[in-house]
Amino acid sequence: MNGNAPASSDPYLVLGLTPAANDEQIRAAYLAKLKQYPPDRAPAEFELVRDAYELLRDRRRRARHTLFSVNPDAPLESLLEGMDTRQFVGPGPWLAVLKER
Amino acid sequence: MSQKQNKKNTSASKTAPSQGDTLSFSEAAARVREQIAGQHSQAALQMAKDVHKRCGTAESESLLVEAYQARIDGLLKLGMMVEAKALMGIVNERFPAAAQRLASQRREIHALEGNLDAAVGPLGDPNLPAEDRERIESFIRRRIHDLPALAAVSSLPPEHSLRVAAAALATAFKAVTEGRVEDGSLALPEVSRRSPLGPWKALARAIASYYRREDEECRKWLRAIADDSVPARSIPAMTAMCGGKAKPKLSAAEEKLVTFAGDHGAVMRPALAALERAFATKKQRPILEAARAAITAADRCDAKLRERLRQHILVRGGMLRVPLPSMQTALGGRVLEDAYYLRLLARALEEKRTAEADAEAAMVWEKFRAEAIKENWFAAGGLEDGVLALHVARMVERLPEELVEEMRDRELSFGKQGKGAQAQGLPSAGMLYERAAASDPHPEAFQMWLNWARKRKPYQIADHVAERWRLLRPTDVQPLLYLMESAEKRSAFKKSLGYLEAAEKLDRLNPEVRRAKLRLLLSTVIRHLRQRKTHLALGGIEQIEGVPEVRPGEIAALAAALRWCMAEADGDKAAQKRLEAELTESMGSVSAHLLIAATVNAAEMKYTAKAPPLKASKIPAAELLAGAVKACMLGEWAGLAIALPQGWNKPLIAALHLPTCPLDAAQMLTLGEAALRSLAPELAYNVSSVGLGKGQANAGFLFLRARSLPRWAFARRSGCFTASLELARRERNTELAGRILDALNPPQPDQDKRLSLSYFDDAKIASRAVSQELLDLILEEEKQFEQFPIVEGYRKPKYAEELNPKLCDCPKCRAKRGEGVDAGTFLDDDDDDWEDDEDFDDDEFDGPIPALSMKLTEMLVNFLGKLPPEVATKVKAALAAGEDPITAIERIMKQELPKGNSSASSNFEKKGRAAKIPPPPEQGSLF
C-alpha cells in the first residue's frame, strides 16, 4: 500500500490494515492516512479514508462488516484485488537460476 | 572411457604418428585445433602429445599447452574439478613457463572451489597489466554469482571498488526480491557502467520494474544486460514472467522461479472473464468447462488464492443449481469448507430471498459460527458472536411456522443417524436472541428479543426476557416498563406498581417512565370505574393529577373526564355539568366530547351514560380537526382509545386537505391510528395522502396506508407494507419495524384466532429485499394515489410487476413461454421454488371483490342467518358494493341498534349475543 491511493471500498484495504487490526492500530493507520491525504489536497481520497475509519472504529459496525460484507456475486476478478499476484520470493529462487551455466 | 574407445584412441594415436610422420607440423597443429573446436579435447590432447613427442619444438610445446587448456576446460564443464585441478598440477610441473596461460582456468577452479580471494586477488595489484585485468573482470562478469562472497574477499582491501560495488549490489538485490523498491533507491553510484558487475545493476532495476508492474521498463533493463554475463541467465524466465515468448523449455530452476514469482493474474484474468460469461448463460456445460479452465489457469498462483477461487466458483455454480458433484469434478475435488466458505455460502443463500433459502442460510451460519470460533475469527460469546446471532435470529423469526416445523422434523431425522452425527438443524429464534443478548448485551438486541417473546405464550417467556435484560443492563428502564405492563395485564397491580417504582428510582424524569406511570394509574382508575368503586377511583384520579404535564392542561383534562364518569356512576348530574364546562373551556368542545366519550367507553358506561352532545356540522372543519387531534394525542399518550364518530369523517377529510392544515407528522399519524381504530379507513387513507404529500415520516404513513387499503387491493397493500418495513429498517426504527412485523405475522396457533383474511403470504413481505429503485417507485406512485380506492376505475400500480416479477429469461421461464431451450441447458427440477409459485396471482384478486374463502363464507353465512332479515339484507348489500365486511357490520349494527333501554334493545342484544358477534378488531388485526 506504500504510496498507493486508497483503492476499493474495503475499509481494511483503504487504511492498509489486516482484519486482525485492533483499535489502536486502526486509529494509527487513520492518522497516517490523514497525513498522506489531507482533505484540502486530496478530498476524494480523504473521504474514502474517513468513511473507512468511521466504519472500523465502531466495533459493532466493524463486526457487521467482517461478517456480512462478503459479496458472493462479486466478479471473480475482484478476488485478485489487493492480492499481489507477482509474489516476492526473496533472492533464493532468483540465485538458483543465476547459478545455472 | 571404455576399453574399446581406449583401443580406438590408442589405434588412432598409433595412426597419428604415422600420419604425423607424414603430416607437417602445421597440418598436425591444424588437426589438433580442429579437435579442440569440435569439443574433442581428449583426442586433441593425445594428438598434441604425439606431435610434441615427434617434434619436441617450442611450437609443439605451445600446441600441447593449448591442448591441455582445452582439456582442463572440458573437465571443468563436466564438473570434474578434481581431475581438472590434478591435470593443471601436472601441466604446471612439466611446463612452468605456461603457468600464465593457465591463469583463467586457475581462476575458474578457484571460483568453483569458492576461493574468490585467489580468483580476484590479482586485481589488488595496481601494476597488473591491462590485459590480465580485463581477463579477470571478464571472468567476474561471466562467472561470479555470489555477490556477498565477492564483497567479503580478503585479498582486496575493503574500500576496493569491486568489493564496494558487490556489497551495494547484494543489498539491492535482496531488497528488490523481497519487496517493492522505487527507482530512486536503485541509483547505486558505487557501480560504474564499466564495472564487471554492471549487468547486476541492470538486473536489479529490471526486477524492481517487474514488481512495480512496469513491464516495458523491465524489458528495457533486460535488453541492457550483457549476453555473456551471469545476470543474463535470468532473461528467459523474466521474459516469460512479463508475458513474452520465452525459450521453448525452461530449466527446473527457471520453472520454479516462474511458478512462484510469475504474474498469475495475467494468465487468470482472461480465464475468469470467460467463466463470468459462462455464468451469465446459466448453462451447465459452459459453466463446467470454463470453471475447469479457470482452475487450470490458477494452477501456479498462491495456494490460498486458488482455494478462494474454487470456493467462490462452487458457490456461484451452486446458486445456479449446477449439480454439486459436477462442480467438484471441474474444480479438481472438494473445496475446503472453512469459515470463509461457509460465510460465502450463507450470504449467497440469503441473496436468494426465499424462505427456504433463509432457513438453509440460518443453518449454514451456525456451521460458520462453529468453524469461525475454531479458526479464531472471534471468540464464542464475543461481540461478533452476538452480532451474528442477532442477524440470524431476525432471519429465523421471519420464517413461516410451517417451514420451521418442517426444518425441525428434518433436524430430528438427521439426529437419529448413527453415532457422532450431530443434529445441526434450524436454530430457534429464541435461542439465537438469547445468545445475541448474552454476547452483546445492548438495548437493541434485548428489544428485538422481547418483541419476539411477546408473541409467544405463555407470558412467562417474555417476562423471562425482560428479567434477563434487567439483570444484564440494570440501568435500562425498558424492561421494567415491560414487566409493569405485563403484570398489569394479568391484574397483578401490586407487582406492576413495584416495577413502576423501580423504574422511577432509576429515572423519574424519563418521559417513558412518566407515560407508563400515567397509563398504569389510568388503567387502575378505569378498572375501579367499571366496578363502580368510585371511592377507589377518586384516589387514582388524585394520583393522576400529580403526574407532571407534557402538554399544559392535558392531565387536568384527563382527570376531569374521569371525574365526569365518577359523577355519572354517583348520579351527580351537577358535577357532570360543571366538569363538562371545565373541559370545554380548557380543551374545546370537540376534545371535551371525545375525551368524555372515550372514558365512558373505557369504563363500560356507554349504555347508560352519554357524552355531551356535539353537532359537528356546526363546527368549522379546521376547529373540528384541531380538537380531534388534540384529543387523540392525549389519548395516545395516556393509553386511552379515542373513537372518532363516523359522521365526522367527511369534515375531517375536508379539513385535512385545507392548505392551512397545521398538523405535523406525529399529529397526523396519531389521527390516522385513531381513524383505523374507529373503523374509518377512508379517513386514515386521507391522512396518509396528506402525510406522504408532505414527504415526512414516509415509513409511518405507508404503514398507515397499508392498513387502510381495502382488502381487495392486494398489490397496493403488499407494496405499502413492503416499503414501510424497508424504510423502517433503513431508519433503524425498531419500534415501527416491530409494529409492522406484528401486523404482518399470522396469528400463532395458540393465539386467539381473529378473522384472518390474508390472501397472500405476509411472511414473504417480511423477508423481501427491496432495492432503492423499487422503494422510490412505490413511494412515487403511492403519492399519486391521493384518493381512497374504490372498485370502479381501480388500476393496479405499476410497481406490482416489480414486487412479483413475471417470467424472466432463465431456461425454465423461457420454456414456460414456449421459447426454445438450448441443448445442454439444465433445468431447475426443484418445484418448490417460492418465487415461481404463482398460486397467488395478484391479477386474480386485484380487481372486483373476490369470492371469500370457504371458511369465511361459512362464518358469514352463519352470522347473517342469525340477524334480523332487514339487517342481514343491508349487510349483504354493503358487501356487494365492495365495503369491508367488518366495517359494514359495525356500521350497520350501530345504525340499527335501538336507542334507549327498550325491550327491543334487550331482545336485540340477546340476538346479537346468540349470533356471537365477533368483537371489534383491534388495531393491527383489522385486515
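Residues numbered from 1 in each chain as written. Chains lettered and ligands numbered in written order. Predicted model: local features only at pLDDT ≥ 70, side-chain atom pairs only at ≥ 80, totals over all residues. Heavy atoms only, no water.

S.K.: Please explain the overall build of chain B as it appears in this structure.
M.R.: The number of helices and strands found in chain B is 48 helices and 0 strands. Relative to its full complement of 927 residues, chain B shows a buried share of 48%. Pairs at least 24 residues apart make up 62% of the contacts formed inside chain B by residues separated by at least 6 positions. (Helix = DSSP H or I, 4+ residues; strand = E, 2+ residues; numbered from the N terminus. Buried < 20%, exposed > 50% of the residue type's maximum accessible area, 1.4 Å probe, protein only. Contact = heavy atoms within 4.5 Å.)

S.K.: What exactly am I supposed to notice about the interface of chain B and chain A here?
M.R.: By a widespread convention, an interface's size corresponds to the accessible area lost as its parts come together. Listed as interface residues are 63 residues of chain B and, on the opposing side, 35 residues of chain A. With both chains or domains summed, chain B and chain A bury close to 4,800 Å², and 68% of this area falls on carbon and sulfur atoms. Seen at the junction of chain B and chain A, the total is 3 salt bridges. The tally of links from chain B across to chain A stands at 13 residue pairs in polar contact (both at pLDDT 80 or more). Broken down by element, the residue count for the side of chain B that touches chain A peaks at 8 residues, all from helix α15 (residues 264-281) of chain B. Class assignment of the residues belonging to the side of chain B that touches chain A gives a composition of 31 nonpolar, 11 polar and 21 charged. (Buried area = accessible area lost by both parts, 1.4 Å probe. Salt bridge = Lys/Arg side-chain N within 4 Å of Asp/Glu carboxyl O. Polar contact = N/O pair within 3.5 Å; in protein donor to acceptor, adjacent residues only side chain to side chain. Nonpolar A, V, L, I, M, F, W, Y, C, P; charged D, E, K, R; others polar.)

S.K.: Any chance you could explain helix α3 (residues 41-55) of chain B here in plain terms?
M.R.: Side chains of residues three or four places apart in an α-helix project in the same direction, reflecting 3.6 residues per turn. Residue and element names in this part refer to chain B. With 15 residues, α3 should reach 21 Å at 1.5 Å per residue; the first-to-last C-alpha distance of 20 Å fits that figure. Three or more residues of α3 are buried, namely S41, A44, L45, M47, A48, D50, V51 and H52. Of the residues one or two after α3, G56 is the one with positive phi, at around 65°. (Expected span 1.5 Å × (residues − 1).)

S.K.: In this structure, what is going on with the confidence of the model for chain A? I would like to understand it.
M.R.: Caution is warranted with low-pLDDT regions, since their predicted coordinates should not be read in detail. Across chain A, the average pLDDT comes to 85, with 87% of residues at 70 or higher. Below a pLDDT of 50 lies the segment residues 1-6 of chain A, which in the model reaches 15 contacts outside its immediate sequence neighbourhood of four places, other chains included. (pLDDT = per-residue confidence, 0-100.)

S.K.: Got a minute to help me understand the packing of helix α2 (residues 23-36) of chain A against helix α3 (residues 43-57) of chain A in this structure?
M.R.: Geometry of a packed helix pair, given as the angle between the helix axes and the separation of the axes. Residues and elements named next belong to chain A. Viewed as axis vectors pointing N to C, α2 and α3 meet at an angle of 170°, and their least axial separation amounts to 10 Å. With respect to each other, α2 and α3 are oriented roughly antiparallel. Contacts between α2 and α3 involve I26, R27, Y30, K33 and L34 from the former and F46, V49, R50, Y53 and L56 from the latter. In terms of residue class, the contact of α2 with α3 is built from 7 nonpolar, no polar and 3 charged. (Axes fitted to C-alpha atoms, helices over the stretch in contact; angles between N-to-C directions. Parallel < 35°, antiparallel > 145°, perpendicular 65-115°, else oblique.)

S.K.: Before we go on, may I ask you to explain the state of the cysteines in this structure?
M.R.: Any covalent bond linking the sulfur atoms of two cysteines counts as a disulfide. Taken as a whole and assessed by the stated rule, the structure comprises 0 disulfides over all chains. Sulfur of B:C242: no disulfide; nearest cysteine sulfur belongs to B:C218 and is 3.7 Å away. (Disulfide = S-S within 2.5 Å.)

S.K.: Looking at this structure, I do not really get the packing of aromatic side chains. What am I missing?
M.R.: Given two aromatic rings, their pairing is described by the distance between the two centres and the angle made by the two planes. Following the criterion strictly, the structure yields 15 aromatic pairs over all chains and no others. Ring geometry for A:F68 versus B:W365: centroids 5.5 Å apart, planes at 85°, classification edge-to-face. Of this pair, A:F68 sits in helix α4 (residues 59-68) while B:W365 sits in helix α20 (residues 355-374), on two different chains. Take B:W365: its relative accessible area is 0%, and that puts it in the buried class. Taking the centre distance of 5.8 Å and the plane angle of 85° together, the rings of B:F173 and B:W200 count as edge-to-face. Placement of the pair is B:F173 in helix α10 (residues 161-178) and B:W200 in helix α11 (residues 198-211), with a sequence separation of 27 residues. Among the residues examined, B:F173 registers a relative accessible area of 5% and is labelled buried. By way of ring pairs, the aromatic residues A:F68, B:W365, B:F368, B:W377 and B:F378 are connected into one cluster. The ring of B:F493 carries B:R527 above its face, with NZ or CZ at 3.4 Å from the centroid. Against the face of B:F703 rests B:R707, its NZ or CZ located 3.7 Å from the ring centre. (Phe/Tyr/Trp six-rings, centres within 6.5 Å; stacked < 30°, edge-to-face > 60°. Lys NZ or Arg CZ within 6 Å of the ring centre and 35° of its normal.)

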